[in-house]
Amino acid sequence: MVAAMSASETDGKSVDAPTGTPSSREARRQRTLLHTAPIHALETNKAMWEGDWEVYDMRRLQMSAIETTLDHQGLEGGISRRSLSEAIAQVAAQMAPDRPRAQHLEAAERVLSHLLNEASGSEFLYPYQELIGTGFWRRRLHSVKVLDQRQTEDGSLVVRASAEAINLLIGALDVDIADAQKAEERLLDQYIQEGRFTEAQKSAERARLRSAQYVTDISTFLRIIRQDIGRVDWSGEVLDEIKRASQHLEERARDEAAMHDVLVGKLDTITEPDQRVVMHDLIEIIMGCQRRHRGLHGLLMRAEEEIPAEQLRQRFAPPASIASISMGRDVLDPLLVLPRKIAADLTAGFFERLMGVRLPEIIDLFHLFDALLAPRREFPEDERDVEALELDAEGVNGTFSAEAIEAARQILDTTRVRSARLSELLSQARRVRVDRDQVIDLVRLSALWAYAPEPVTRHLELTTMPDEMRSIRDGHVLSDPDYGGDDLLVDARVAEVGGDG
Amino acid sequence: MDEELLRQAGRLIQFGLQPRLHPGQDREYKELLSRFRLDLEFDETVRAIAEGLGLEVAATSDLGFFLAAQPGSVFAYTLGTFRRERGTAASVDDRLLHGLAMVAIVAYFYPNARDIEHAEIHPATARDVDRFLRGVCEDLKRKQKDPDVLIDQPEFEQAWHLYLRHPEAVETTDRRRAQRGALSIFDRCLTLLDERGLVRAQKDGQDVAYVPMERMRVMVGSVAGHYAYETLARHRRDQQETELK
C-alpha cells in the first residue's frame, strides 16, 4: 500500500484521463527504469555546454548530491540549497583540482538546477507505453522527481530527496518499501548472529538507506494530508495506513533493539581493532535508524490523535481548502484581454487579497534607521538639461587681469620702504577702482604666501610681490569687514632683521 | 466570559499579522495554532474576533496562520497605497501595470492547478517573469486581427496591449535599471512580496532569484484565487448577456 501511495504521489498526472493507476508489474518496472533518466541526461548534455566539462563526472556529482541531501534528511529536515551547492562543489574540486573554484561552483549549480527542475518547463517527464487489457497500448506520462525544495515550520527552505531518488542509491527495483526494509534488517540480523561482519556492514548500509526511504515516504504522506486536510478522503484508508505504518515501526524498534544488544554483547568479546571499528560502525547505523524511527513514530502518533479530532471539527466548520486553480489558463489569459478599467479593478482586488494584511508599523531604532536610509522618492522623469558651462581658456596669469596684478604690485612694493599691516594693505586694495576684488585677493594671498614661502621657480613677470617680502605673525588680530585671523606684519625691507614692529 | 480564551485568541491574531514569522520560530505561536486547529471553541472565538477586526482566516497549516483583510478593513493593503508609499504619483496605468505584474508573478510560480496542489517550488527572477509575460502578450498580439485601439476609445485598450507598449528596460548610464522599465516593475513587486513573506530571495546579485513561500500558495489558493476566478466568471456572464441583447 505504501509503495502504491508513493507511486501515485510521484506519478504526476497522466496525459490522458486517468482511469486508475497502472498496477501491472511491467509498467512499474518501466517507471523505475525511467528514474535514472535524469541522471544520464545531464551527463549527455554537458557536451553541449560552452567550455570543457569533460573532467567532471556529472553522474557522480548528481549521486553525491543525493547522498549529501539524504545525510541531512531527518524527519522534516533537509539541507539548505547553499550548503548543498558547497558540498557538491567540493566533490567537483576533487575531480578537477587544477580548475578554478568558480568552475567547481558552476558545476555544482548546474547539477542542482537540473535536479531541482529550476529552469522553467524543465520537469522530468517521460512518456511510456502501458499495456491494458488484451493487446491495447496506451501512452502515459511519468513524472520523476529527484530533489525538491520544501518550506519547513520555521520558514526556511530545505532540499529533500524523493523516495525514488533513494532508490537510485540502493539500485533496487520498485518494491514495497516497508517489506524491503524488513527484509534488509532481517538479513542484517542474520549476518550479525553469524559473525559475518563484512556482509553485515554492507547490509547495514542498505538498511540505513531503506530506513531513510521509508521515513521520507511516510512523512511526505503525512505532509500531503496535513496540507490540505479538507480534501483528504475520509473513508478510513488514511487512518489504516497510519496504523499500519505505526505497527511496522514498532516491529522495527523491537528488531533494532535486539540487534543493538547483540552487537554490544559481541563488542565485549572482540579484541581485534579492525573488527571493533566495524562493530562501532554497525552500532552507529542501527542507533541512527532507531532515532529516525522513533521520530517518525512520534509524528504518526500525533497524526493519529489529530486527524480524528480534525474530522470531528469539519462536521461543524468546514475549513477553507486550498483550491486548485490554474493561474495561467484561468486567470492570466482572460485577464490580459480585458479592457483596461476592468483589468485594473481585477488586479487591484487580486493584489489586496494576495497581500493579506497590512504590515504593522513597528517603530524602533532599526526601522527608523531603515526609513531614513530609504531611497528617495522618485521624481517625474523629465530630463533636466544640464547647463553646459562656458569656460574661458585660462590665461598665463590665471584669472587675474594685468591691471589687477599691477595694482597689487604697487601696493605690496610699499613694504620695501616700511613694514605694513595686512589690514592696511587690504584697505588700500579696496580703494582700487579696476578689478578691486582681484586686487584684494592678490594682496591677501601674497601676504599669506609670504608667511611660509616655498621655493619655486618664478617668472619675473608674474611676481606681484618683492622677493624679500615676509609676513610675521605677532599676535595682532585682523579686523576687516571680510576676513578674519591674524593681522600679519608684512615687510620687504632688506638686511635689518628684527626691525620695528 | 473566559478572559484567558479571549486573550489567547488575540495573541494568535497578532501572530497572524506578522507575515515573516513562522510557527517553527515561536513556541507560543505553534501551540496556539495547534489549539486553533483542534479546539472548536477556540476556533470560533478567534474567527469572531478576527471578523470584528475586519479580518478573516484564509487558511491554517503547520506552516502558518494565514489572515486576509476584508476589503475596506483598516488592515487592507491596497495597490494604491503600495504605489503611493513607494514613490510615483500613482496613475491608473501605473497601478494596472503593477497589478498585472503581480498576477504574472503568481502565474509564473503556479501555472497549473497541480503546482498549487503539490506546493511546487521553482525560482524566478524579474527577467524570467517579464520574458514569460511578454511571450504570452506577443502570442495574443499575433492572434488578434485588429489590435490597435481607436483613438477616441482608449478605455477599450486591452491589458496585454498596454503591457507591450511599456518599455522593457530603460538603461541608465550607470547600467542600473531605471525606474520606468517593465523589469523595474517586477523588481518592485518581488521586493514587496519578499518583505511580506510571500516569496524569499535566494541568490544575490543583479538578477535575484525568488522562490514562492507557503503563504503565497495559501493566499492564492484561497482568497485571491477565488476572487479572480469569480470576478472573471461574472464578467464573462455579463458579456454574454450584453451579446445576447
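Structure: see above.
How each quantity is defined
Residues numbered from 1 in each chain as written. Chains lettered and ligands numbered in written order. Predicted model: local features only at pLDDT ≥ 70, side-chain atom pairs only at ≥ 80, totals over all residues. Heavy atoms only, no water. Helix = DSSP H or I, 4+ residues; strand = E, 2+ residues; numbered from the N terminus. Buried < 20%, exposed > 50% of the residue type's maximum accessible area, 1.4 Å probe, protein only. Contact = heavy atoms within 4.5 Å. Axes fitted to C-alpha atoms, helices over the stretch in contact; angles between N-to-C directions. Parallel < 35°, antiparallel > 145°, perpendicular 65-115°, else oblique. Left-handed = near helix turned anticlockwise from the far one by under 90°. Nonpolar A, V, L, I, M, F, W, Y, C, P; charged D, E, K, R; others polar. Pairing = 2+ DSSP bridges. Buried area = accessible area lost by both parts, 1.4 Å probe. Salt bridge = Lys/Arg side-chain N within 4 Å of Asp/Glu carboxyl O. Polar contact = N/O pair within 3.5 Å; in protein donor to acceptor, adjacent residues only side chain to side chain. Expected span 1.5 Å × (residues − 1). Arc of directions from axis to C-beta. Core = buried A, V, L, I, M, F, W, Y, C linked by side-chain atoms within 4.5 Å.

Draft legend 1. The arrangement of the overall build of chain A in detail. If you tally the helices and strands in chain A, you get 17 helices and seven strands. Per-residue burial for chain A yields a buried fraction of 43% across its 501 residues. Within chain A, contacts between residues at least 6 apart in sequence are counted, and of these 65% link residues at least 24 apart.

Draft legend 2. Layout of the side chain of Glu157(B). Residue position: Glu157(B) is located in the loop between α7 (126-143) and α8 (159-165). Taking the relative accessible area as the measure of exposure, Glu157(B) reaches 3% and is therefore buried.

Draft legend 3. Representation of the packing of α7(B) against helix α9 (residues 182-195) of chain B in the model. Residue and element names in this part refer to chain B. One way to put it is that α7 packs onto α9 with a least axis distance of 9 Å and a crossing angle of 120°. Classified by the interaxial angle, the pair formed by α7 and α9 is oblique. The handedness of the crossing between α7 and α9 is right-handed. Residue-level contacts link Ala 126, Arg 127, Val 129, Asp 130, Leu 133 and Arg 134 of α7 to Ala 182, Leu 183, Phe 186, Asp 187 and Leu 190 of α9. For the contact of α7 with α9, the residue count by class is seven nonpolar, no polar and four charged.

Draft legend 4. Region of interest: the sheet that holds strand β5 (residues 420-421) of chain A. Spatially, the three strands line up as an open sheet ordered β5-β7-β6 (chain A), and their pairing is antiparallel. The outermost strands of the open sheet, each flanked by one partner alone, are β5 and β6 (470-472) of chain A.

Draft legend 5. Layout of the interface of chain A and chain B. Every contact between the two is made by 76 residues of chain A and, on the other side, 106 residues of chain B. For the pair chain A and chain B, the summed buried area comes to about 8100 Å², and 61% of that belongs to carbon and sulfur atoms. At the surface where chain A touches chain B, the tally comes to seven salt bridges. One salt bridge connects Glu157(B) with Arg340(A), and the closest N-O pair in it is separated by 3.0 Å. Between the two partners, chain A and chain B, sit 22 residue pairs in polar contact (both at pLDDT 80 or more). Elements represented by at least two residues in the side of chain A that touches chain B include exactly α5 (81-95), β3 (147-151), α9 (197-227), α11 (273-316), α12 (327-336) and α13 (340-355) of chain A.

Draft legend 6. Just helix α3 (residues 40-52) of chain B, in detail. Residue and element names in this part refer to chain B. With 13 residues, α3 ought to run about 18 Å at 1.5 Å a step, and its terminal C-alpha atoms sit 18 Å apart, in line with that. Along α3, the positions that sit buried rather than exposed are Phe 42, Asp 43, Thr 45, Val 46 and Ala 50. Angular distribution of buried residues about the axis of α3 spans 165°; they occupy a single face of the element. Set apart from the buried face of α3 by more than 90 degrees, the exposed residues are Glu 41, Glu 51 and Gly 52. Where α3 begins, one side-chain oxygen reaches toward the backbone nitrogen of Glu 41, 3.0 Å away; that side chain belongs to Asp 39. The first or second residue beyond α3 is Gly 54, which carries a positive phi of 80°.

Draft legend 7. Up close: the nonpolar core. If you look at the biggest cluster of nonpolar residues, it comprises 68 residues, and the most contacted ones within it are Leu336(A), Leu354(A), Leu133(B), Phe186(B), Leu193(B), Met216(B) and Met219(B). Looking at this core, the element that brings in the most residues is helix α5 (residues 92-109) of chain B, giving twelve residues. Beyond its immediate stretch of four places on either side in the chain, Leu336(A) contacts Leu100(B), Leu133(B), Val136(B), Cys137(B), Leu140(B), Gln158(B), Ala159(B) and Trp160(B). Residues Ile39(A), Trp53(A), Ala108(A) and Val159(A) belong to the second largest nonpolar core, which totals 39 residues.

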